[in-house]
Amino acid sequence: MKSYPKIIDRILEIIRENKTFCIVGHIRPDGDCIGSQLGLALALKNEGKKVTVWNQDTIPLKYKFLNLDGLIEKPHPGKKFDCVIATDCASYERLGKAGDCVKDRKILINIDHHASNPRYGDVNWVSPREPSTGELIYRLLKVARWPITKPIADLLFAAISTDTGSFQYPNTRSGTFHAGAELVTRGADLAKICDEVYQSYPVSRAKLLKHVYSKFRLTDNDRIAWLWLKKKDFTRTGAESDDTEGLIDHLRAIKPVIVACVFEEVEPELTRISLRSKSALVNVNEIAGQFGGGGHPAAAGARISGTPLATQRKVVAAIKRALKAAK
Ligand SMILES: [Mn+2]
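What you see is a predicted model; the values in this text were computed from it and never measured.

Engineer: Would you mind showing me how to read the packing of helix α5 (residues 150-163) against helix α6 (residues 174-185) here?
Structural biologist: Each pair of packed helices can be described by the angle between their axes along with the distance between the axes. The geometry of α5 relative to α6 is characterised by a closest axis approach of 9 Å and an angle of 150° between their N-to-C directions. In this view, α5 runs roughly antiparallel relative to α6, as classed from their interaxial angle. Crossing hand, α5 versus α6: left-handed. Packed against α5, whose contacting residues are A153, L156, F157 and I160, the element α6 presents T176, A179, G180, L183 and V184 at the interface.

Engineer: Which parts of the structure should I look at to understand the coordination of the manganese ion?
Structural biologist: Any two of four tetrahedral donors ideally make an angle of 109.5 degrees at the metal, while pairs among six octahedral donors ideally make 90 or 180 degrees. Taken together, the protein ligands of the manganese ion are D32 (OD), D88 (OD), H113 (NE2) and D163 (OD), with distances of 2.1 to 2.3 Å. Summarised as a motif, the one-chain spacing of the donors to the manganese ion is D-x55-D-x24-H-x49-D. Here D32 is found in helix α2 (residues 31-46), whereas its partner D163 is found in helix α5, with 131 residues between them in sequence. Judged by its relative accessible area of 0%, D32 is buried. By relative accessible area, which is 17% here, D163 ends up buried.

Engineer: Any chance you could explain the sheet that holds strand β10 (residues 270-277) here in plain terms?
Structural biologist: The strands making up a sheet associate through backbone hydrogen bonding, with each pair oriented either parallel or antiparallel. Read across the sheet, 6 strands follow the order β7-β8-β9-β10-β12-β11 without closing on themselves; strand pairing throughout is mixed. Each end of this open sheet is capped by a strand with a single partner; those strands are β7 (217-219) and β11 (294-295). Where β11 and strand β12 (residues 299-305) come together, 2 bridges link them in antiparallel fashion. By the bridge assignment for β12, G295 is matched with A300. In this fold helix α8 (residues 203-215) packs onto β7 and β8 (224-229), with an angle of close to 135° to the strand it touches most, β8.

Engineer: Can you walk me through the domain arrangement of the protein in this structure?
Structural biologist: Frequently, the measure chosen for interface size is the accessible area removed from exposure when the parts meet. Along its sequence, the protein is carved into domain 1 (7-198) and domain 2 (203-325). For domain 1 versus domain 2, the distance between C-alpha centres works out to 27 Å. Counting residues at the interface gives 11 residues for domain 1 and 12 residues for domain 2. Overall, the association of domain 1 and domain 2 removes approximately 920 Å² of surface from exposure, summing both partners, and the carbon and sulfur fraction of that is 42%. Broken down residue by residue, the surface that domain 1 buries against domain 2 is led by R28, S116 and Y169, which jointly contribute 46%.

Engineer: I'm lost on helix α1 (residues 7-17) in this one. Help?
Structural biologist: In an α-helix, one turn spans 3.6 residues; hence positions three or four apart end up facing the same way. By the burial criterion, the buried members of α1 are I8, I11, L12, I14 and I15. Burial along α1 is one-sided: seen end-on, the buried residues are contained in an arc of 160°. Counted as exposed and oriented over 90 degrees from the buried face of α1: R16 and E17. Contacts from the buried residues of α1 go to β1 (20-24), α2, β4 (81-87), β5 (105-112), β6 (123-126) and α4 (133-144).

Engineer: Help me out: how do you make sense of the pattern of salt bridges in this one?
Structural biologist: Working definition: two side chains of opposite charge can pair if their charged atoms are close together. For the coordinates displayed, the defined rule picks out 13 salt bridges. Of the charged contacts in the structure, one is a salt bridge between E135 and R173, with a shortest N-O distance of 3.9 Å. Residue E135 is located in helix α4, and its partner R173 is located in the loop between α5 and α6; the two are separated by 38 residues in the primary sequence. Residue class for R173 comes out partly exposed when judged on its relative accessible area of 28%. E196 is paired through a salt bridge with K192; the nearest N and O atoms lie 3.0 Å apart. A residue pair is termed a helical-turn pair when its members lie 3 or 4 positions apart in one helix, as E196 and K192 do in helix α7 (residues 190-198) at 4 residues.

Engineer: So what exactly am I meant to see when it comes to the nonpolar core here?
Structural biologist: Where a protein is soluble and globular, its nonpolar side chains tend to be buried together. Counting 51 residues, the largest nonpolar core has L44, I85 and L183 as its most contacted members. Beyond its immediate chain neighbours, meaning those up to four positions away, L183 contacts Y138, I148, A153, L156, F157, I160 and A188. Ranked by size, the runner-up nonpolar core spans 23 residues in total, among them W228, I273, A302 and L323.

Engineer: Would you take a moment to explain the packing of α5 against α7 for this structure?
Structural biologist: Their axes nearest at 10 Å, the elements α5 and α7 cross at an angle of 50°. Classified by the angle their axes make, α5 and α7 are oblique. For the crossing formed where α5 meets α7, the hand is right-handed. In contact with D154, F157, A158, S161 and T162 of α5, α7 contributes L190, I193, V197 and Y198. Here the residues of the contact of α5 with α7 are counted per class, giving 6 nonpolar, 2 polar and 1 charged.

Conventions used here
Residues numbered from 1 in each chain as written. Predicted model: local features only at pLDDT ≥ 70, side-chain atom pairs only at ≥ 80, totals over all residues. Heavy atoms only, no water. Axes fitted to C-alpha atoms, helices over the stretch in contact; angles between N-to-C directions. Helix = DSSP H or I, 4+ residues; strand = E, 2+ residues; numbered from the N terminus. Parallel < 35°, antiparallel > 145°, perpendicular 65-115°, else oblique. Left-handed = near helix turned anticlockwise from the far one by under 90°. Contact = heavy atoms within 4.5 Å. Donors = N, O, S within 2.8 Å, 3.2 Å for Na, K, Ca; no water. Buried < 20%, exposed > 50% of the residue type's maximum accessible area, 1.4 Å probe, protein only. Pairing = 2+ DSSP bridges. Domains from an automatic or database assignment. Buried area = accessible area lost by both parts, 1.4 Å probe. Arc of directions from axis to C-beta. Salt bridge = Lys/Arg side-chain N within 4 Å of Asp/Glu carboxyl O. Core = buried A, V, L, I, M, F, W, Y, C linked by side-chain atoms within 4.5 Å. Nonpolar A, V, L, I, M, F, W, Y, C, P; charged D, E, K, R; others polar.

See below:
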């Protein structure tokens, strides 16, 4: 690699100096989080490190094949680590229980690509230009000249593929394809990964999709699409909260829609919102920020307290303001 950020050298120096590691990821882990956590874990193990991998939440069904060795465990208190590495985690709070259980450490490294990341680590490699944390881990391994084995290639390919919407989102760059190409050369099983991740939805998710298409609403000249997912919709369809990943893309894919928003009932007066933007002029990271959330310019989220109707009004109004300002 010709040139690379200096921070990589600093991170490699810390890794070389230490022995016990804990790699932590965010609550409700996605493909990028899981692939990055495990890909880095395998690489460190190959270097003779003692590695623990913790995530507060259960791995979604479609990503179970990535956790073959059962490396990802539930966090528990009372363990000591030389070095804790957080991957793909936009804030310390989003580590959930994993964050609570890794307080006994010498150093915290934060590797992430969320623009809203407040740089909560002792050492921070936060690169919002990168479409996935998986690509950051790939570059770390390249600079370190550590072997990219087939299992690592599978994990990093899954991470990059899922966070780029299969190499489709606009933040996908030529370097992303180079990384993907090398990972396939190193044995990443494209057919298997795509089958597990994109072609293996449970029937419950298909039922939830039926709900999406019958219940979504359009407003502001069809430039905003929004949808509510209530607890009863999950009970009725047998779907779980994990099954909601990617549902919003069906709203985003409607031609006139610029911003898509999904409201998910967490508790009667607590709503999780997901936002997607199709325009470089509308930054949903900023919209989510108004409600204490964050993410990326094109994809962000927040958790909002209050009645569902009040939340819906506030959020839709904020989206309308952003669209107006974008003119
Ligand atoms: Mn990510």
